Amino acid sequence: ADPAAAARAAGPLTLGGRFTVREAIRHTNKGGVYRGTDLRTGDPVVIKEARPHVEADADGRDVQAWLRAEAHALERLDGLGLAPAPLALFEHGRHLFLAEEEVPGGTLRTWVSERFRRSGADRYRADALAVVEQLVDLVAAAHAQGCVLRDLTPGNVMVRPDGSLCLIDLELTVLDESSAPPTRLGTPGFSAPERLVDAPVAPTADYYSVGATACFVLVGRVPILLDDEPAGRPVEQRLAAWLAACAPRLGLADGLVAMILGLMRDEPAARWDLTRARTALRTLTAAPPVRHTPDGRHPAAPPAPEDEQDPVAGIVDHLVATMAPGEGGRLWPVSTTAGETAPCTVQQGAAGVLAVLTRYFELTGDPRLPEVIATAGHWIARHTDTGQARPGLHFGERGTAWALYDAGRAVDDRRLTDHALALALAPQAATPSHDITHGTAGSGLAALHLWNRTGDARFMELAVAAADELAAAAEPEPTGVSWAAPAEAVSRLAGKRYLGFAHGVAGIGTFLLSTALAARRSDLLDLAVDAGEHLMANAVLIGEAAHWPAQAANEPTTPYWCHGSAGIGAFLVRLYQATGDDRFGDLAHRATRAVAEYASRAPLTQCHGLAGNGDFLLDMAAATGDDAHRALAEELARLLLTQRARRHGHLVFPNEYGDVSTSWSDGSAGILAFLLRLRHTSPRLWTVPPPVRDHHPTDPRVARTALHPVATT
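The shown structure was predicted, so the numbers you read here are calculated from the model rather than taken from an experiment. (Residues numbered from 1 in each chain as written. Predicted model: local features only at pLDDT ≥ 70, side-chain atom pairs only at ≥ 80, totals over all residues. Heavy atoms only, no water.)

Caption draft 1: Representation of empty space enclosed by the protein in the model. Throughout the structure, instances matching the rule amount to seven cavities of 30 Å³ or more. Approximately 150 Å³ is the volume attributed to the largest cavity. Looking at the largest cavity, it is lined by 16 residues, and the ones nearest its centre are Phe501, Trp561, Arg684, Leu685 and Trp686. Of the residues that constitute the lining of the largest cavity, the class distribution is ten nonpolar, four polar and two charged. (1 Å grid on protein atoms, 1.4 Å probe; cavity = no way out; pocket = protein on both sides within 12 Å on 5 of 7 lines; lining within 4 Å. Points joined across faces, edges and corners; volume = space filled by probe spheres on them. Nonpolar A, V, L, I, M, F, W, Y, C, P; charged D, E, K, R; others polar.)

Caption draft 2: Quick peek at the packing of helix H11 (residues 397-411) against helix H13 (residues 440-454). In the contact formed by H11 and H13, the axes pass within 8 Å of each other and the chain directions differ by 20°. In this view, H11 runs roughly parallel relative to H13, as classed from their interaxial angle. Note on packing geometry: the crossing formed by H11 with H13 is left-handed. Counting all contacts with H11, which are made through Arg398, Trp402, Tyr405, Asp406 and Arg409, the residues of H13 involved are Ser443, Leu445, Ala446, His449, Leu450, Arg453 and Thr454. Looking at the contact of H11 with H13 residue by residue, the classes come out as five nonpolar, three polar and four charged. (Axes fitted to C-alpha atoms, helices over the stretch in contact; angles between N-to-C directions. Helix = DSSP H or I, 4+ residues; strand = E, 2+ residues; numbered from the N terminus. Parallel < 35°, antiparallel > 145°, perpendicular 65-115°, else oblique. Left-handed = near helix turned anticlockwise from the far one by under 90°. Contact = heavy atoms within 4.5 Å.)

Caption draft 3: How the structure looks around the packing of aromatic side chains. For the structure on display, the rule yields nine aromatic pairs. Seen in terms of ring centroids, phenylalanine 116 and tyrosine 124 are 5.3 Å apart; in terms of plane orientation they differ by 80°. Their pairing is edge-to-face. Taking the relative accessible area as the measure of exposure, phenylalanine 116 reaches 3% and is therefore buried. Through successive ring pairs, a cluster of aromatic residues spans Trp111, Phe116, Tyr124 and Tyr598. Note that arginine 583 overlies the ring of phenylalanine 584, its terminal NZ or CZ placed 5.4 Å from the centroid. (Phe/Tyr/Trp six-rings, centres within 6.5 Å; stacked < 30°, edge-to-face > 60°. Buried < 20%, exposed > 50% of the residue type's maximum accessible area, 1.4 Å probe, protein only. Lys NZ or Arg CZ within 6 Å of the ring centre and 35° of its normal.)

Caption draft 4: Helix H10 (residues 369-382), seen in detail. For H10, built from 14 residues, the straight-helix expectation of 20 Å at 1.5 Å per residue is met to within 8% by its first-to-last C-alpha distance of 20 Å. Counted residue by residue, H10 has ten buried out of 14 residues, so it is predominantly covered. When H10 is considered as a whole, its buried residues turn out to be Leu369, Val372, Ile373, Ala374, Ala376, Gly377, His378, Trp379, Ile380 and Ala381. Elements in contact with the buried residues of H10: helix H8 (311-322), helix H9 (350-364), H11 and helix H12 (414-425). (Expected span 1.5 Å × (residues − 1).)

Caption draft 5: Just the layout of surface pockets, in detail. By volume, the largest pocket is sized at about 1,200 Å³. Sorting the residues of the lining of the largest pocket by element identifies helix H3 (108-144), helix H4 (203-219) and helix H5 (235-250) as the ones contributing at least two each. Looking at which element gives the most residues to the lining of the largest pocket, the answer is H3, with six residues. Looking at side-chain class alone, the lining of the largest pocket contains 23 nonpolar, eight polar and eight charged residues. Every residue lining the second largest pocket is counted, 35 residues in all, and those nearest its centre are Arg26, Val33, Lys48, Asp169 and Glu171. Broken down by secondary-structure element, the contributors of at least two residues to the lining of the second largest pocket are strand S2 (19-28), strand S3 (31-38), strand S4 (44-50), helix H2 (63-77) and strand S6 (95-101). A class-by-class count of the residues in the lining of the second largest pocket yields 13 nonpolar, nine polar and 13 charged.

Caption draft 6: Quick peek at the pairing of S6. For S6, the buried fraction is high: five of the seven residues fall into the buried class. Relative to S6, S4 runs antiparallel, the two being bridged by six bridges. Residue pairing in the sheet places lysine 48 in a bridge with leucine 98 of S6. In terms of strand pairing, strand S5 (residues 86-92) meets S6 through six bridges, oriented antiparallel. From the neighbouring strand, glutamate 91 faces S6, where its bridge partner is leucine 96. Counted along the chain from S5 to the antiparallel partner S6, the turn is two residues long, and its residue glycine 93 has a positive phi close to 60°. (Pairing = 2+ DSSP bridges.)

Caption draft 7: How the structure looks around the nonpolar core. Counting 198 residues, the largest nonpolar core has Trp483 and Leu512 as the members making the most contacts within it. Counting residues per element, this core draws most heavily on H3, at 16 residues. Those residues in contact with tryptophan 483 that sit more than four places away from it in its chain are His434, Leu470, Ala473, Ala474, Lys496, Arg497, Val505, Ile508, Leu512, Leu527 and Ala531. Within the second largest apolar cluster, nine residues are counted, among which are Val21, Tyr34, Phe97 and Ala99. (Core = buried A, V, L, I, M, F, W, Y, C linked by side-chain atoms within 4.5 Å.)

Caption draft 8: Looking closely at the pattern of salt bridges. This structure, assessed with the given rule, holds 43 salt bridges. One salt bridge in this structure joins aspartate 456 and arginine 458, with 2.7 Å as the shortest N-O distance. Ionic pairing is found between aspartate 523 and arginine 521, a salt bridge with its closest N-O pair at 2.8 Å. One continuous salt-bridge network, built from bridges that share partners, spans Arg574, Asp615, Asp619, Arg677 and Arg684. (Salt bridge = Lys/Arg side-chain N within 4 Å of Asp/Glu carboxyl O.)

Caption draft 9: Just the environment of tyrosine 34, in detail. Within the secondary structure layout, tyrosine 34 lies in strand S3. Between the alpha carbons of tyrosine 34 and glutamate 49 there is a distance of 8.3 Å; along the sequence they are 15 residues apart. When residues no more than four places from it in sequence are discounted, the contact partners of tyrosine 34 are Val21, Glu23, Ala24, Ile25, His27, Val45, Val46, Ile47 and Glu49. A polar atom in the side chain of tyrosine 34 sits 2.7 Å from the side chain of glutamate 49. (Polar contact = N/O pair within 3.5 Å; in protein donor to acceptor, adjacent residues only side chain to side chain.)

Spatial relationships are all this shows, so hold off on functional conclusions.
Given below as structure tokens:
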């Protein structure tokens, strides 16, 4: 007999003779969390489960001990509205369960992202300040009841529908700090540093967590500040530099910055207490909002100290020192937290790093680089097969061929350029994917680049064939045209109609536009315009900023290169240049406002972060001649550099998971590319500039490339 069918036939599971289970919220090795119903009252409940002998520490405390501790904390706070009401603690089949009131609403972490996305920066500011005031009062009230929380984070605070706050997940809370043993359990970034190295229990650790959570609410994130090696600058000094870079655009009053820094002091005894924080909040008003204006008047962040290491040199030194051309699996170390790609690709492989170092050499003539470039190039050549190529620019061999050809050309190495051309002309594996990263558009863009470099007609034939294939696959929409990822494509993309650059309309449109201009194909230009019309129809204006959903009709996503405003804006400004249609230029300009508003919330990297967003702003500056876009790119660079770490004379940066990576997509190479372009005016990597035209073009529409100032509102 099927046990699952038997369980369903038996009806809902009842625990403790009182609580029925409706659904699981999550399952882990230590136990589940479930939504249920209290049969006595009919009220919704949350039921937490702890299995025996799981995650036991040196003192014998396991997850059941932590669940009992949470029950005791809830009992202490019962009736005060500070935490869920405890209902029952009971055993069932040797598993321990805690039933408690289900608090309606969502977590503070969700509230921060959703409220900012829906309301825009200006409206969010006042709401966030009110929430921080509540947060300080909430923790102070818990302390007044003798509770030290030890794990206050935005995920452990609920925002009820009426806007009031409530503490949840109190398993680390202690009621008698003098006798409670320390624990290293906690949440990096929000738990006080001393808490994670067995410091005695103290409310000063909660002060730090209040400061970090307030920072998350007001600024949008808590920075990942990797340790310097050897130890150098105090963390609070680095945090102060980051906040100073964030504060002007966010309109954070000096007193708010001082409060965050005071609560998060490195030395526990020096931290502000909650009474001081409450007093500061009640005497503060938020500064007026700072707008991203088209006339270049931007908030100025403090300049870097004169003794700071040159960031470009520090990153290049790191990439040169970490190259390992033995026969290991990787030429440069990369993070694989978000998944692993092949070792020679653009996205996370050697080709992405090689392309950036090649560009650095072309711009600076650094005498160390020819040997580095040649070594890396021949390593890639040994690890790539010219018998067949995978499609796509970022995940396939066509992007690798692009990087390898440019490297060989830069150091005058015929063996590298020959291998690159053979790789670029190798039979391509069949692909159902249309996009830039994995599919036809990316392969076509690489072919177009190599046609520009070599003049070889075979590459133009490949580019045009790819464009024609995309034209045949295009599906008309009421608002323009789109492409669906077929069912046999990358599984997580199958069937979806993305709008962004990496996987959707913007990236495909960019390739079609480039091919239209190079091949003088007005039909392809018409198709690129239809793609732009579809993106215009799906833009979501929040205040003065233009956002887009990942797919039509979804909620807007974050404004990064892969799915959001930075990538879509990069296509629209190119379309504006080609057509002179101010509607595309205006929407690209509004995309820069989305980038500006999200600056403090962004990770650091190319795929979704400050480096990719900064490259978009430099695209805008080049296309329009408007220095305001460049000024904003410089602002993003200052913000990015406050999050660097020094490692034995090199500079490294955290990706969004806190890992150090050298890759193009989420590591130092992509950051270096942006900083180089900011310092030396140069084309954006992985793009194809419009061709130089003669005086008698065959198609006047395709030849039109006049620039106009971006429309402003």
